[in-house]
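Fold and geometry: a report
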Amino acid sequence: MTLTSRGGWWPALCTTTVGAVLAVYVLLVASNWIYLGWHDTLYFFSKSRMWERFWLTVWTATVSTSFSLIIGIPAGYALSRFRFPCRHLFATIIDLPIVVSPAVVGAFLFGITTRFPFDWISEHYTIYIGRNVYGVLLVQFTVTAAFCARLMKATFDMIPVKFEMVSNSLGASPARTFFKVILPMAKNGIIASMIVVWARAAAEWEGLMLFVGATEGKTDIMPFAIYLDWNGGMMGWVTSMSIVCILMAVSAISAMKWIGGRSNVW
Amino acid sequence: MSGKRRSRSLFNLFFTCFAGLLFFYSAYLFLSNLDQLFVDQAAVETREIIEVWGEDREIMNEFGGGFWKDAYFWKSLNLTFAITVLTTFIAAVLGIPAAYGLSRYKIPGKSFIDVLFSSLMVMPGSVIGICLIVMFNYGPLWKLQQALGFKFAHSIFPGMVIASLVLSFAFGMSAWKAAFDSVNPRFEQIARSLGSNRYRAFRTVTLPLAKSGIVAGIILAWTRAMAEFSAVLFFCGTFRELPPSRFSDLTKMLQMDQADWVSVAVWAQVEFGNVEYGFALAFVLVLVGGISVYAMHRIGAKGYVW
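Residues numbered from 1 in each chain as written. Chains lettered and ligands numbered in written order. Predicted model: local features only at pLDDT ≥ 70, side-chain atom pairs only at ≥ 80, totals over all residues.

1. Describing the overall build of chain A
What counts, and what does not: Runs of H or I in DSSP of at least four residues are treated as helices and runs of E of at least two as strands, each being numbered from the N terminus. Think of it as a crowd count around each C-beta: if 20 or more other C-beta atoms lie within 10 Å the residue is buried, if 12 or fewer it is exposed, and in between it is partly exposed, with C-beta placed from the backbone throughout. We call two residues in contact if the C-beta atoms placed from their backbones are at most 7 Å apart.
A tally of helices and strands in chain A yields 11 helices and 0 strands. The order of α-helices and β-strands along chain A, N terminus first, is α-α-α-α-α-α-α-α-α-α-α. Taken along its principal axes, the extent of the C-alpha atoms in chain A is 80 × 65 × 30 Å. The proportion of buried residues among the 266 residues of chain A is 47%. Here the analysis covers contacts within chain A between residues at least 6 apart in sequence; of these, 79% occur between residues at least 24 apart.

2. What about the overall build of chain B?
A tally of regular secondary structure across chain B gives 15 helices and 0 strands. Principal-axis analysis of the C-alpha atoms places the extent of chain B at approximately 75 × 75 × 30 Å. Residue burial in chain B is summarised as follows: out of 306 residues, 47% are buried. Relative to all contacts within chain B whose residues are 6 or more apart in sequence, the contacts with residues 24 or more apart total 77%.

3. Observations regarding unusual backbone geometry
All names here are of chain B. A positive phi is found at His154, a non-glycine position, where the angle reads about 55 degrees. Along the polypeptide, His154 turns up in the loop between helix H7 (141-148) and helix H8 (156-181). The phi dihedral of Gln258 is positive, around 50 degrees, even though this residue is not glycine. Relative to the elements of secondary structure, Gln258 occurs in the loop between helix H13 (249-253) and helix H14 (262-272).

4. Digging into the interface of chain B and chain A
Our working definition: For this classification, Asp, Glu, Lys and Arg are treated as charged, while Ala, Val, Leu, Ile, Met, Phe, Trp, Tyr, Cys and Pro are nonpolar and the rest, including Gly, are polar.
The interface is formed by 76 residues belonging to chain B together with 87 residues belonging to chain A. Those elements that provide at least two residues to the side of chain B that touches chain A are helix H1 (2-31), helix H4 (71-104), helix H5 (110-121), helix H6 (125-138), H8, helix H10 (198-209), H14 and helix H15 (275-299) of chain B. Considering each element in turn, the side of chain B that touches chain A owes the most residues, 16 residues, to H1(B). A per-class count over the side of chain B that touches chain A returns 47 nonpolar, 23 polar and 6 charged.

5. Notes on the confidence of the model for chain B
The condition that has to hold: pLDDT measures how confident the predictor is about each residue, on a scale from 0 to 100.
For chain B, per-residue confidence averages 87 on the pLDDT scale, and residues scoring 70 or more make up 97% of the total. Element-level mean pLDDT values for chain B span from 73 in helix H3 (residues 56-60) of chain B up to 93 in H4(B).

6. What to know about the environment of Ser164(B)
The residue Ser164(B) is located in helix H8 in this model. For Ser164(B), the contacting residues outside a window of four places in its chain are Ile83(B), Thr84(B), Thr87(B), Ala225(B), Glu228(B), Ala231(B) and Val232(B).

7. Considering the packing of helix H4 (residues 102-113) of chain A against H15(B)
To describe two helices that pack against each other, one gives the angle between their axes and the distance between the axes. Note the threshold: For every element, the axis is a line fit to its C-alpha atoms; helices are fit only across the contacting stretch, and the angle between N-to-C directions ranges from 0 to 180 degrees. Any angle that is under 35 degrees is reported as roughly parallel, and any over 145 degrees as roughly antiparallel; angles of 65 to 115 degrees are reported as roughly perpendicular and all others as oblique. Crossing handedness is defined as follows: a turn of the near helix away from the far one that is anticlockwise and smaller than a right angle gives a left-handed crossing, while the clockwise case is right-handed.
The contact between H4(A) and H15(B) brings their axes to 10 Å, and the two run at 125 degrees. As far as their axial angle goes, H15(B) and H4(A) are oblique. The hand of the H4(A)/H15(B) crossing is left-handed. Between H4(A) and H15(B), the contacting residues are Val104(A), Ala107(A) and Phe108(A) on the first element and Gly278(B), Phe279(B), Ala282(B) and Leu285(B) on the second. For the contact of H4(A) with H15(B), the class distribution of residues is 6 nonpolar, 1 polar and no charged.

8. Let's talk about the packing of helix H10 (residues 222-231) of chain A against helix H11 (residues 235-259) of chain A
Residues and elements named next belong to chain A. Interaxial distance between H10 and H11 falls to 9 Å at its minimum, and their mutual angle equals 160 degrees. Between H10 and H11, the angle is such that the two are roughly antiparallel. The hand of the H10/H11 crossing is left-handed. Facing Met222, Pro223, Ala225, Ile226, Asp229 and Trp230 of H10, the residues of H11 in contact are Trp237, Val238, Met241, Ser242, Val244 and Cys245.

9. A closer look at the environment of Phe178(A)
All names here are of chain A. Here Phe178 is to be found in helix H8 (residues 174-202). Since 19 C-beta atoms lie within 10 Å of it, Phe178 is described here as partly exposed. Each C-alpha atom of the pair Phe178 and Met165 lies 11 Å from the other, and the pair is 13 residues apart in sequence.

10. So, the environment of Ala191(B)
Residue and element names in this part refer to chain B. Looking at the element boundaries, Ala191 is found in helix H9 (residues 185-193). Looking at Ala191, the number of C-beta atoms within 10 Å reads 18, which means it is partly exposed. The spatial distance from the C-alpha of Ala191 to the C-alpha of Phe202 is 9.2 Å, given a sequence separation of 11 residues. If near-sequence neighbours (up to four positions away) are discounted, Ala191 is found in contact with Ser196, Ala201, Thr204 and Val205.

Shown next as structure tokens:
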């Protein structure tokens, strides 16, 4: 009985593939540090321009995440529990903004902002949605709302329908069941999804290229500022901001795993 | 009794409204732009003023920028489909064994791997692009490329494949891992106790059981490769204006020369002022994305969250 006849090469192949792929990805993520070095990283981190952009990213992502959650949690529940005709088609249309390239979504936002609800809003409330921070929020909302609904659907799918039926049979109203039984059970999942949605909102930039454009200090959230500084040839800013973005993404995902998002959903 | 039923239907209506809101927002977003394909009078007048467009003006004033007459349109589609299929193939060849290994075997640092690949999915595309360009052009791999006399960045064949592979592989692997996780390892153990070796147990037992998940993962990897924008923009750039001598005979034979990645082409055309043409390309992407997501929903893909 040699190693080959027992098929021992197969686990070896699998493990080697994992190792090789991991090495490439670690090199990819760490390449910015290797290029910039410790001393320069600290220099760029001490600049206020970096932190202004960081806070801009944080607050826009937080606002758009809260809007997405308001729509995403009930929509995710509806998608998870109710059965209606053509629901695959329905879910496909909802998923479209996250599935087509975000740059294309940015182009499509041009058309929608000159039409009914938006032109009415800008006329009556003098809120112009376009080349300002409201445009940033709209782009982030468009991409994360569908994403949020999808994550919430996955969260509610994990909770067995049995509990709702028991609660209903004991005389609780559907609303009471939702708030007292389902939401407490889904709490961890919702918080975990919330963090991921926030990270996704903070990572959105392609839509801004066509739809919003750049105003220094107003609409250049961090991923977009990377593109702008890359065009300006400011390699130090580019790599140091990439490091901040990588740290943001990694810490958001670590928090999500720590709270208990399941990895196979994600 | 009827009051209870009414409260139930009110409750259902309340939640369905939110899903409906998302549905109408998304449908409206894409349908309201259909008229961007048609040329309006203002655009025609603007094009008269600007000298740069020269004789391109006439074709630009047709429906959809006259996209069906332009070789660039078909070449770009050809290029993108070919490269994404190649990317998906490479992702599947590397990703299925890797996902199986992560799902079944004891590998140290599994939670680290999990966090790394999950965080790639919420990393900005520009960061992925910058990481690629720094890794290949500013980092340790630059010397290797010089020794080989061969460039990875700003090229069609390895460049675009590398740029689209990064995220396509990460998404595909998470889907394949979920597919293998959902198969009970006991079946495989039984097959092995009956005398088949490890590879045969995988091929004849686990692989057929995880088939639908694997197909969904392949569709997901392909869709993600199609949706790639920033990594390709940063790592490869655009090719339309390059001289023909810059392209190899193989790319010319395969009709891939002087063509761009479709989503990059959308951006380039809209920025150039050829809005109708850009939207014609954009609707192709929407159609392709819609069909592949519909397929994923029908298969009932697990582990797929964008």
